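Results of the structural survey
Below are the chains, spelled out letter by letter.
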Amino acid sequence: MTRAVLEIEGLSVEYATQKGRVHAVTDVNLELAEGESIGLVGESGCGKTTLALALMRILADNGRIVSGRVVLDGEDLLQLSEPEMAKRRWRAISMVFQSAMNCLNPVHRVADQIVEAIMQHEDVSPREAMDRTRSLFEVVGLDASLLRRYPHEYSGGMRQRAVIAMALACNPKVIIADEPTTALDVLVQHRILEQLTEIQSRRRMAMIYISHDIAVIAQVSKSVGVMYAGRLVERGPVRETFKRPIHPYTEALMDSVPSVGGEKRPLRLLGGDPPDLLNLPVGCAFAARCPRVQARCRSEAPPIVSYEGRWAYCWNPVNQP
Amino acid sequence: MNAIPEPGQVPAVKAEHLRKLYPVGGAFLRAPRSFIHAVDDVSFTVEDGKSLGLVGESGCGKTTTAKMVVKLIEPTSGEIQVRDSGGRAVSLSDLDGRATKRFRRSAQMIYQDPYESLNPRRTVLDTIAEPLVVQGMGTFAEREERVMSMMAQVGLTPVRNYLLRFPHELSGGQRQRVAIARALILAPKIVVADEPTSMLDVSVRSNIIQLMLDMRDRLGATYLYITHDVAVARYMCDQIAVMYLGKIVEMGSTEEILRDPVHPYTQALISAVPVPDPEQRKSSIAVKGGVARPIDPLPRCRFYDRCPAATSVCEESDHPSLSARNGGRMVACYNR
């Protein structure tokens, strides 16, 4: 029942640049059970997208996985040859990208692109692939009349649905969604998030949902992981993490979201910028911006604080057991 | 500082029966086949020093409305009056070329995407000084001094470090600060902000919201704030006008509308905003379908197709006009 589908162990990723090595992801550990979903939250440049690209093994040319294991169904993806990995992509692990327009080829009909993706990965007849595409359209709430249309004839919301349909095409065990709704209107976003979570739980897929908006994550998943400067600094259930965050960064992130309901509280301002990923500080990466900083935060890496199935790396946690 | 005119009865901005139609179809020397009703009979007033939020989804006409207020586009019909420095109401359609340029000194716009609104080949100094150059204000040294003081006010400090940078050397939040500084350097009376925070990260967003609030308090301008996010509007706006397909469907005090939305569309919009606290989660209100394009709309309520509370009167009668409810609220709905 709670068998882990995906285990990420000590994953670190670097980019080689002219200025030196950028430590985009550092020592990330994460486990996902079948049908479980986790939201990854953090500011731009915290490594959430790099982590996703590393799991798919589609990093840019200057990106390199330095260490770690990504075990999917008992098999370490990082040890596979490229042709072997290509077979896993879309079938075992797939991804919904941020910019839907960039993932659809403008000169081909949307349905044909999905059919092509299916036939690339599975040995099925064109007719079967088309039938499956038709039912995928139904699943994501697209009208069948759109099958024969081109991407430019779609609205932003429809395109995003088509890209989700494509990611689902080969029935993957793990789906990674990288801010798929950021460019969309609230009502459309709401509907797509509802549908996505519904599909995810019905198909018992494991999902990693990436967003900078903690409110969106609260809507799609029960558990949340907070990333800062390439590290996963806190993980726990959304409800407890929201009510009693452990890491000061998590607290700051929560308090900077404008609220519609309840008391109108002043917005929390988080000053400063994330650290330079070329030269990570010795101690805690958040120390320079942290309101609860202590002397040792600047000199020693923070220890793990864990209780009630949640954890964070911090010397001076906001909440303790 | 300019002399502040007597606080009179004249509102800072008054829009009456604004309408903007865009032709579609048609051909050379042939009348267009139909019209998109981008903004259709919209009226509102913003009192001096207050802020009005125009809230709605893409294509509801909020940006078109805002651009008409700063005279970037001309309305098809209807009138916009602004208060001039003498405290008199002036109609924007009466302004000639020279008067328009003078008007631009008092009305500025902040755009959504700081990656597109800044010229990549211009330094921060040149960008922020541009409005002063266009208006022929000050010598180079005076302009530089004003730019530096404005940069300090919007938090681009230490100023010397940023003065000669190009946009690509700035983060998204810093770029938006440059855009805000450029809009505010002329100390405008009217500021139109078109979703200035929607492209930014959450933590940067709260900083920019706070900056806009601070600058409003300091410079005392009248704000028109365009957003699709009611949560942001809550922090920025005294009043909001919820727009749907070119019409205002509900208008009133921001806090009251958020607490007790009356129009079914407003209710759906508010219930769809993601809330981080799982205990505050309300049940969402379902609306059907998506936003249609308002091409030659049928004479019925614009929200009829999607409304969960629609009845036959909504289909048989034309779009309801705004009517006053308790506490100064205006709502356009037959059933609420």
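Residues numbered from 1 in each chain as written. Chains lettered and ligands numbered in written order. Predicted model: local features only at pLDDT ≥ 70, side-chain atom pairs only at ≥ 80, totals over all residues.

In terms of helices and strands, chain A carries 10 helices and 12 strands. Dimensions of chain A, computed from C-alpha atoms along their principal axes, come out at roughly 65 × 50 × 45 Å. Relative to its 321 residues, chain A shows a buried fraction of 47%. A separation of at least 24 residues holds for 65% of the contacts in chain A among residues at least 6 apart in sequence. (Helix = DSSP H or I, 4+ residues; strand = E, 2+ residues; numbered from the N terminus. Buried ≥ 20, exposed ≤ 12 C-beta atoms within 10 Å, placed from the backbone. Contact = placed C-beta atoms within 7 Å.)

A separate point is the confidence of the model for chain B. Residue and element names in this part refer to chain B. Per-residue pLDDT for chain B averages 88, and the proportion of residues at 70 or more is 95%. Throughout residues 1-5 the model reports pLDDT below 50, and contacts reaching past four residues in sequence, or to other chains, amount to 4 contacts. ipTM for the predicted complex: 0.81, alongside a pTM of 0.86. (pLDDT = per-residue confidence, 0-100.)

Let us look at the pairing of strand β6 (residues 93-96) of chain A. Residue and element names in this part refer to chain A. Residues Ile93 and Met95 point to one face of β6 and Ser94 and Val96 to the other, with burial holding for every one of them. Here β6 runs beside strand β7 (residues 174-178); their pairing, made up of 4 bridges, is parallel. Bridge pairing in β7 places Met95 opposite Ile176. (Pairing = 2+ DSSP bridges.)

Let's shift gears to the packing of helix α4 (residues 110-121) of chain A against helix α6 (residues 156-168) of chain A. All names here are of chain A. In contact at an axis separation of 9 Å, α4 and α6 are set at 15° when each is read in the N-to-C sense. As far as their axial angle goes, α6 and α4 are roughly parallel. With respect to the hand of their crossing, α4 and α6 are arranged in right-handed fashion. Packed against α4, whose contacting residues are Val110, Gln113, Ile114 and Ala117, the element α6 presents Ala162, Ala165 and Met166 at the interface. Residue composition of the contact of α4 with α6, grouped by class: 6 nonpolar, 1 polar and no charged. (Axes fitted to C-alpha atoms, helices over the stretch in contact; angles between N-to-C directions. Parallel < 35°, antiparallel > 145°, perpendicular 65-115°, else oblique. Left-handed = near helix turned anticlockwise from the far one by under 90°. Nonpolar A, V, L, I, M, F, W, Y, C, P; charged D, E, K, R; others polar.)

Residue and element names in this part refer to chain B. Buried residues dominate strand β7 (residues 190-194), accounting for 5 of its 5 residues. Bridge count for strand β6 (residues 107-110) against β7 is 4 bridges, and the pairing is parallel. Considered in β7, the bridge of Gln108 is made with Val191. Judged from the 5 bridges that link them, β7 and strand β8 (residues 222-227) form a sheet pairing that is parallel. Paired with Val192 across the two strands is Leu224, which belongs to β8. As for the winding sense of the linkage, the β-α-β connection from β7 through helix α7 (residues 202-219) to β8 is right-handed. (Right-handed = clockwise from strand over helix to strand, strands pointing away.)

Glancing now at unusual backbone geometry. Working note: non-glycine residues mostly have negative phi, and peptide bonds are mostly trans. Going from B:Thr157 to B:Pro158, the amide bond is cis rather than trans, its omega being -10°. The topology assignment puts B:Pro158 in the loop between α4 (140-153) and α5 (159-162). Phi is positive for A:Asn171, close to 55°, though the residue is something other than glycine. Considering the arrangement of structural elements, one finds A:Asn171 in the loop between α6 and β7. Overall, the presence of 14 C-beta atoms within 10 Å leaves A:Asn171 in the partly exposed class. The phi dihedral of A:Arg204 is positive, around 55°, even though this residue is not glycine. Positionally, A:Arg204 belongs in the loop between α7 (186-202) and β8 (206-211).

In this section: helix α5 (residues 126-139) of chain A. Residue and element names in this part refer to chain A. An ideal rise of 1.5 Å per residue puts 20 Å on 14 residues; α5 measures up with 20 Å between its terminal C-alpha atoms. Within α5 the residues assigned to the buried category are Ala129, Arg132, Thr133, Leu136 and Phe137. Summarising the axial view, the buried residues of α5 lie within an arc of 145°, below the 170-degree limit, and thus occupy one face. The outward face of α5, more than 90 degrees from its buried face, is lined by the exposed residues Arg127, Ser135 and Glu138. Here the buried face of α5 lies against α4 and α6. A positive backbone phi angle near 80° is found at Gly141, which sits one or two residues after α5. (Expected span 1.5 Å × (residues − 1). Arc of directions from axis to C-beta.)

Moving on, we get to the interface of chain B and chain A. In this assembly, 32 residues from chain B lie in contact with 33 residues from chain A. Those elements that provide at least two residues to the side of chain B that touches chain A are α7, α8 (230-236) and α10 (264-271) of chain B. It is α7(B) that provides the largest number of residues to the side of chain B that touches chain A, a total of 6 residues.

We now examine the environment of A:Ala312. Residue and element names in this part refer to chain A. Its place among the elements puts Ala312 in strand β12 (residues 310-313). When the C-alpha atoms of Ala312 and Thr250 are compared, they prove to be 9.6 Å apart, with 62 residues separating the residues in sequence. When sequence neighbours within four positions are dropped, the list of residues in contact with Ala312 reads Val233, Glu234, Ile246, His247, Val305 and Pro317.

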